[in-house]
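Listed below, chain by chain, are the residues.
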Amino acid sequence: MLEIIVLPLLTMVTCKETRAAIIALHKNGFTGKDIVATKIAPKSTIYRFIKNFKERGSILVKKASGRPRKSSKHQDRLLKRIQLRDQSATSAELAQEWQQAGVSASARTVRRRLLEDGLVSRRAARKPLLSKKNIRDRLIFCRKYSEWTAEDWGKVIFSDEAPFRLFGASGKKGLSGEEKGERYHQSCVMPTVKHPDTIHVWGCFSSKGVGSLTILPKNTAMNKEWYQNTLQQQLLPTTQQQFGEEQCIFQHDGAPCHKAKVITKWLGDQNVEILGPWPGNSPDLNPIENLWSILKRHVDKQKPTNSDKLKEVIMKEWVAISQDLAQKLIERMPSRTAEVLKKKGQHCKY
């Protein structure tokens, strides 16, 4: 009896027909185990169909709850192509373009569709605009040092200035606790003020670790006099402490106070070798930018409440940066220059 009924059913291919065949066997008194033996469908599928039939008394599939999906698979693929064509577009902009293709959907729906395809929404990377001269200078610089190894870069002292703001976010996008009703919990709130105090610092580091860090006094201009004094009191002691009599190279960018004739002469008088010429608008080539980012995150976590506390925390967190971290940042320099060359002078990911 089993063989007579089942043989023609084994040729069935659609899910609907398979479901009908399984229920037909079930109605004819066959057990789940008997039906599994026919290999008409996976064991779990067979038992699920039988269970649903017992509960509802019908072989029809229960209609899904909720609103119908606003877009078809074809329209979803179209959205993905639109996004890949312009990866800097916001979800709102994508929604407008998608609407022109006949899909009326919100920016939130756009983000959900992209997430289904493994495309995560995130803030676009903010990089300085590169002029033709910037690109040319970047290529010249990277070609000049393309053969340098991590050991060669280990002889360079990198430097820069950076601002730290009171109540300043470090640029990261926090996760919301709204689902748990914690959106306005004290630990989830970032305090802000209209005109936060800003503290400017100058620092330097090499593969041997962080060097000196100095805080620019309030209402003091970043001019050539201030810079020469900083180099005298901060750079020279760092050079002596980290390299002694060993030759090292100093890096600084093309800021006006750095390029002043008096500074160039002073560095020459001190026998300080300069890396470069450094290309303009190229923070991605300077590993100290990564160090500033790390330092700002650590400072933000301490949540200083006034300028004095902010200065104290900055100095404390600076000296706590490990030599291992500094060395790892320096060791990536060959990868940075190689990527800029590969991208024909455009920004690298660092």
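For clarity, every value in this text was computed on a predicted model and none was experimentally measured. Sequence order as written defines the numbering, with residues in each chain counted from 1. For this predicted model, a pLDDT threshold of at least 70 governs which residues receive local features, and a threshold of 80 or more governs which side-chain atom pairs are given and counted, while totals over whole chains, interfaces and linings are taken from all residues. Only hydrogens and water are set aside; all other atoms, that is, all heavy atoms of the structure, feed into the side-chain values.

Caption draft 1: Local environment of the overall build of the protein chain. Across its full length, the protein chain carries 16 helices and five strands. Evaluated residue by residue, the protein chain yields a buried proportion of 37% over its 350 residues. Working rule for contacts: check all heavy atoms of both residues, and any pair within 4.5 Å makes them a contact. Sequence separation of at least 24 residues holds for 72% of the intrachain contacts in the protein chain that already meet a minimum separation of 6. Of the roughly 22,300 Å² that the protein chain leaves accessible, carbon and sulfur atoms contribute 52%. Helical segments are the DSSP runs of H or I of at least four residues, strand segments are the runs of E of at least two, and each set is numbered from the N terminus. Three labels apply to residues, based on accessible area from a 1.4 Å probe with only protein chains included: buried if under 20% of the type maximum, exposed if over 50%, partly exposed otherwise in between. Here the accessible surface of atoms and residues is derived via Shrake-Rupley with a 1.4 Å probe, and residues count as covered only by protein chains that are part of the display.

Caption draft 2: Spotlight on the nonpolar core. Joining through side-chain atoms within 4.5 Å is the link that ties buried Ala, Val, Leu, Ile, Met, Phe, Trp, Tyr and Cys residues into a set, and such a set is a nonpolar core. In terms of nonpolar packing, the biggest core is built from 34 residues, with Trp-153, Phe-205, Leu-275, Trp-292 and Ile-314 touching the most fellow members. Of all the secondary-structure elements, those providing two or more residues to this core are helix H8 (132–144), strand E1 (156–165), strand E2 (198–206), strand E3 (209–215), helix H13 (288–302), helix H14 (307–319), helix H15 (323–331) and helix H16 (333–342). The biggest single contributor to this core is H13, with five residues. If we ignore the near neighbours within four places in the chain, the residues touching Phe-205 are Val-156, Ile-157, Phe-158, Val-210, Gly-211, Pro-287, Ile-288, Leu-291, Ala-326, Leu-329 and Ile-330. Grouped together as the second largest cluster of nonpolar side chains are 17 residues, Trp-202, Cys-248, Ile-263 and Val-272 included.

Caption draft 3: Structural context of the packing of helix H10 (residues 224–243) against helix H12 (residues 261–269). Comment: axis = line fitted to C-alpha atoms, over the contacting stretch for helices; angle = value between 0 and 180 degrees taken between N-to-C directions. The contact between H10 and H12 brings their axes to 9 Å, and the two run at 20 degrees. One finds that H10 runs roughly parallel with respect to H12. Every pair of crossing elements has a handedness; the one defined by H10 and H12 is right-handed. Facing Lys-224, Tyr-227, Gln-228, Leu-231, Gln-232 and Leu-236 of H10, the residues of H12 in contact are Val-262, Ile-263, Trp-266 and Leu-267. By definition in this entry, angles of less than 35 degrees are roughly parallel, angles greater than 145 are roughly antiparallel, angles of 65 to 115 are roughly perpendicular, and the rest are oblique. Working rule for handedness: look at the near helix, and if it is turned counterclockwise from the far one by less than a right angle, call the crossing left-handed; if clockwise, right-handed.

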